[in-house]
Amino acid sequence: MSLTVGFVGLGNMGGPMAANLVRAGFSVRGFDLSPAGCDAARADGIVIADSAAAAAEGAGAVVTMLPAGRHVLDVWNALAEVAAPGALLIDASTIEVESARKAHTLAAARGCLPVDAPVSGGTGGARAGTLTFMVGAEAPAFAAAEPILKAMGKNVFHCGGAGAGQAAKICNNMILGISMIGVCEAFALAERLGLSPQALFDVVSVSSGQCWSLTSYCPVPGPVPASPANNGYRPGFAASLMLKDLRLAQGAAAASGAATPLGAEAAQLYALFEAQGRGGADFSAIIELLRGRPAGDESR
Ligand code: NAD
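Please read all numbers here as calculations on a predicted model, not as lab measurements.

Let's talk about the overall build of the protein
Link 1 in the chain: What the protein contains, in helices and strands, is 13 helices and nine strands.
Link 2 in the chain: For the protein, whose C-alpha radius of gyration is 20 Å, the value lies close to the compact-globule estimate of 19 Å for 300 residues.
Link 3 in the chain: Oriented by its inertia axes, the alpha-carbon framework of the protein measures out at about 65 × 45 × 35 Å.
Link 4 in the chain: Buried positions account for 51% of the 300 residues belonging to the protein.
Link 5 in the chain: Residue pairs in contact within the protein that sit at least 24 positions apart in sequence constitute 62% of those at least 6 positions apart.
Link 6 in the chain: Only carbon and sulfur atoms are counted for the fraction: they give 58% of the accessible area of the protein, which is about 13,000 Å².
Link 7 in the chain: Here the protein contributes 19 positive and 23 negative side-chain charges, whose respective centroids are spaced 3 Å apart.

Description of helix α8 (residues 164–193)
Because an α-helix packs 3.6 residues into every turn, residues spaced three or four apart end up facing the same way.
Link 1 in the chain: The end-to-end C-alpha distance of α8, which contains 30 residues, comes to 44 Å, matching closely the 44 Å that a straight helix rising 1.5 Å per residue would cover.
Link 2 in the chain: In the segment just after α8, Gly 194 is the residue with positive phi, at about 80 degrees.

Remarks on helix α1 (residues 14–23)
Link 1 in the chain: Counted residue by residue, α1 has eight buried out of 10 residues, so it is predominantly covered.
Link 2 in the chain: Taken together, the buried positions of α1 are occupied by Gly 14, Gly 15, Pro 16, Met 17, Ala 18, Ala 19, Asn 20 and Leu 21.
Link 3 in the chain: Lining the buried residues of α1 we find β1 (4–8), β2 (27–31), β7 (119–120), α6 (122–128), β8 (131–136) and α7 (139–150).

Side note on the site of the ligand
Link 1 in the chain: As a structural note, the neighbourhood of the ligand is formed by 22 residues, with Asn 12, Met 13, Asp 32, Leu 66 and Lys 244 the closest of them.
Link 2 in the chain: Asn 12 is positioned with one of its backbone polar atoms (N or O) 2.9 Å from an oxygen atom of the ligand.
Link 3 in the chain: Between the ligand and the protein, one listed contact pairs an oxygen atom with a side-chain N or O atom of Lys 244 at 2.8 Å.
Link 4 in the chain: About the coverage of the ligand: the protein hides 82% of its 830 Å² of free accessible area.
Link 5 in the chain: Secondary structure elements with two or more residues in the shell around the ligand: α4 (69–82), α6 and α11 (239–256).
Link 6 in the chain: Here the shell around the ligand is built from residues that sort into 10 nonpolar, nine polar and three charged.

Structural notes on the layout of surface pockets
Link 1 in the chain: There is about 1,300 Å³ of room inside the largest pocket.
Link 2 in the chain: Forming the walls of the largest pocket are 48 residues, and the residues nearest its centre are Met 13, Gly 122, Thr 123, Phe 237 and Leu 241.
Link 3 in the chain: Contributions of two or more residues to the lining of the largest pocket are made by α4, β7, α6, β8, α8 and α11.
Link 4 in the chain: It is α8 that contributes the most residues to the lining of the largest pocket, six residues altogether.
Link 5 in the chain: Across the lining of the largest pocket, the residue classes break down as 23 nonpolar, 20 polar and five charged.

What about empty space enclosed by the protein?
Link 1 in the chain: Taken as a whole, this structure holds one cavity of 30 Å³ or more when the rule is applied.
Link 2 in the chain: Taken as a whole, the largest cavity holds about 30 Å³ of empty space.
Link 3 in the chain: Lining the largest cavity, in full, are Val 72, Trp 76, Asp 91, Ile 95, Ala 100, Ala 103, His 104, Val 115 and Asp 116.
Link 4 in the chain: Listed by contribution, the elements that provide at least two residues to the lining of the largest cavity are α4, α5 (97–109) and β6 (113–116).
Link 5 in the chain: Among the elements that take part in the lining of the largest cavity, α5 stands out by supplying three residues, more than any other.
Link 6 in the chain: Split by residue class, the lining of the largest cavity holds six nonpolar, one polar and two charged.

Structural notes on the state of the cysteines
Link 1 in the chain: Per the counting criterion, the structure on display carries zero disulfides.
Link 2 in the chain: Between Cys 218, a free cysteine, and Cys 184, which holds the nearest cysteine sulfur, the sulfur-to-sulfur gap is 8.7 Å.

Thoughts on the pattern of salt bridges
Link 1 in the chain: This model, assessed by the stated rule, comprises seven salt bridges.
Link 2 in the chain: Put simply, Glu 81 and Arg 110 hold a salt bridge, and the shortest N to O gap is 3.0 Å. Residue Glu 81 is located in helix α4, and its partner Arg 110 is located in the loop between α5 and β6; the two are separated by 29 residues in the primary sequence.
Link 3 in the chain: With relative accessibility at 53%, the residue Glu 81 sits in the exposed group.
Link 4 in the chain: Overall, the relative accessible area of 44% leaves Arg 110 in the partly exposed class.
Link 5 in the chain: In this structure, Arg 291 and Glu 191 form a salt bridge, with 2.6 Å as the shortest nitrogen-oxygen distance. Here Arg 291, found in helix α13 (residues 286–291), pairs with Glu 191, found in helix α8; they are 100 residues apart in sequence, far enough to count as distant.
Link 6 in the chain: Using a relative accessible area of 32% as the deciding quantity, one classes Glu 191 as partly exposed.

How each quantity is defined
Residues take numbers from 1 onward in each chain, read along the sequence in its written order. Only residues with pLDDT of at least 70 get local features here, since the model is predicted, and only at 80 or more are side-chain atom pairs given and counted; chain-wide, interface and lining totals rely on the full set of residues. Excluded from the side-chain calculation are hydrogens and water; included are all heavy atoms of the structure. For the purposes of this entry, the term helix denotes a DSSP run of H or I that reaches at least four residues, the term strand denotes a run of E that reaches at least two, and both are numbered from the N terminus. With the radius of gyration taken over C-alpha atoms, the globule rule is written as 2.2 Å times the number of residues to the power 0.38. For every residue, the accessible area obtained with a 1.4 Å probe (protein chains only) is divided by the maximum for its type, and the residue is called buried under 20%, exposed over 50%, and partly exposed between those limits. What makes two residues a contact is simply this: any of their non-hydrogen atoms within 4.5 Å. Computed with the Shrake-Rupley method and a 1.4 Å probe, the accessible areas treat only the protein chains shown as cover for residues. In this count, Lys and Arg are taken as positive residues and Asp and Glu as negative ones, while His and the chain termini are left out. Just so you know, the charge point we use is NZ for Lys, CZ for Arg, CG for Asp and CD for Glu. To estimate how far a helix should reach, multiply one less than its number of residues by 1.5 Å. We call a residue near a molecule or strand as soon as one heavy atom of that residue lies within 4 Å of the molecule or strand. Contacts described as polar in this section are N or O atom pairs within 3.5 Å, which, within protein, must combine one atom able to donate a hydrogen with one able to accept it, while residues neighboring in sequence count only if both atoms come from side chains. When residues are grouped by polarity, Ala, Val, Leu, Ile, Met, Phe, Trp, Tyr, Cys and Pro land in nonpolar, Asp, Glu, Lys and Arg in charged, and all others, Gly among them, in polar. Cavity means a closed set of points on a 1 Å grid over the protein atoms alone, one where a 1.4 Å probe fits but cannot get out, pocket means an open set with protein on both sides within 12 Å along at least 5 of 7 lines, and lining means a residue has an atom within 4 Å of a point. Grid points are joined across faces, edges and corners, and a volume is the space filled by probe spheres set on the points. Note on disulfides: each one is a pair of cysteine sulfur atoms within 2.5 Å. Salt bridges are counted wherever a side-chain nitrogen of Lys or Arg sits within 4 Å of a carboxyl oxygen of Asp or Glu.

Here you go:
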């Protein structure tokens, strides 16, 4: 008989992730507060339970994919009450390192095997089953979780113990936020200097300024046809989600005493962008703020 996996949080990411577990042969019992999320999941072969606890009862593993740390801690408290001893609890949400560590402690106290496993790859990666998982867990929990994570992703990295997956995720996204702003500043400067975007791209993509924000996600239309700049800056990865991750990085920096001055600046720029009502645009649209263009000009 196939392993039963509970899945709580069937939203933009969790819905397609749970569907990939079904495709891989797991029996998936899901729950979401949103009836629309439940209906879509049902159509993908997920059995819908009445509550998070009911989704977890008798399951060998439960995956959570929720908005923020407070939701994860609430749900994990309920799951740990009913989960079988030795059951895996895997949280794939992006949350504070501190909340992830608290979740590990409460699950371990109940005899469960806790795993923090945030992802990169976005909704496209969730649908295609090509997510990257960054995992914080003890070795036995990692070994048990790996086949489940591999059914939803391409790369699975064991980063260390409790909270290490969240630490890797926010460090990566802090680099991404900073590097995107750097690339956008260069394109905005090039425009003022009369240098064409394509000429700048051609030079930098094979020079020392090369980075993912330029070569895979170019913030101006043209050089990288698949980047959101060619599609009116529709996300992709929304600026509001980038702001969330930059704020998580700032919280972790403050708590640990790390100096992250450029991360702080990036968080402030994305906060300004969101305050202008542009949080739903792709995060590469921050180039418009740096050009001094008003909200609503994203597609120009
Ligand atoms: P979403 O808002 O689409 O989905 C979250 C779901 O959780 C919603 O359907 C909501 O109804 C449900 N929910 C909230 N509280 C609940 C509860 N107590 N019980 C059951 N269900 C509950 O969000 P998303 O885009 O799927 O993101 C989920 C997580 O993944 C977030 O932590 C986000 O930061 C992270 N993430 C998102 C992306 C992305 O591109 N969307 C990429 C990487 C990581």
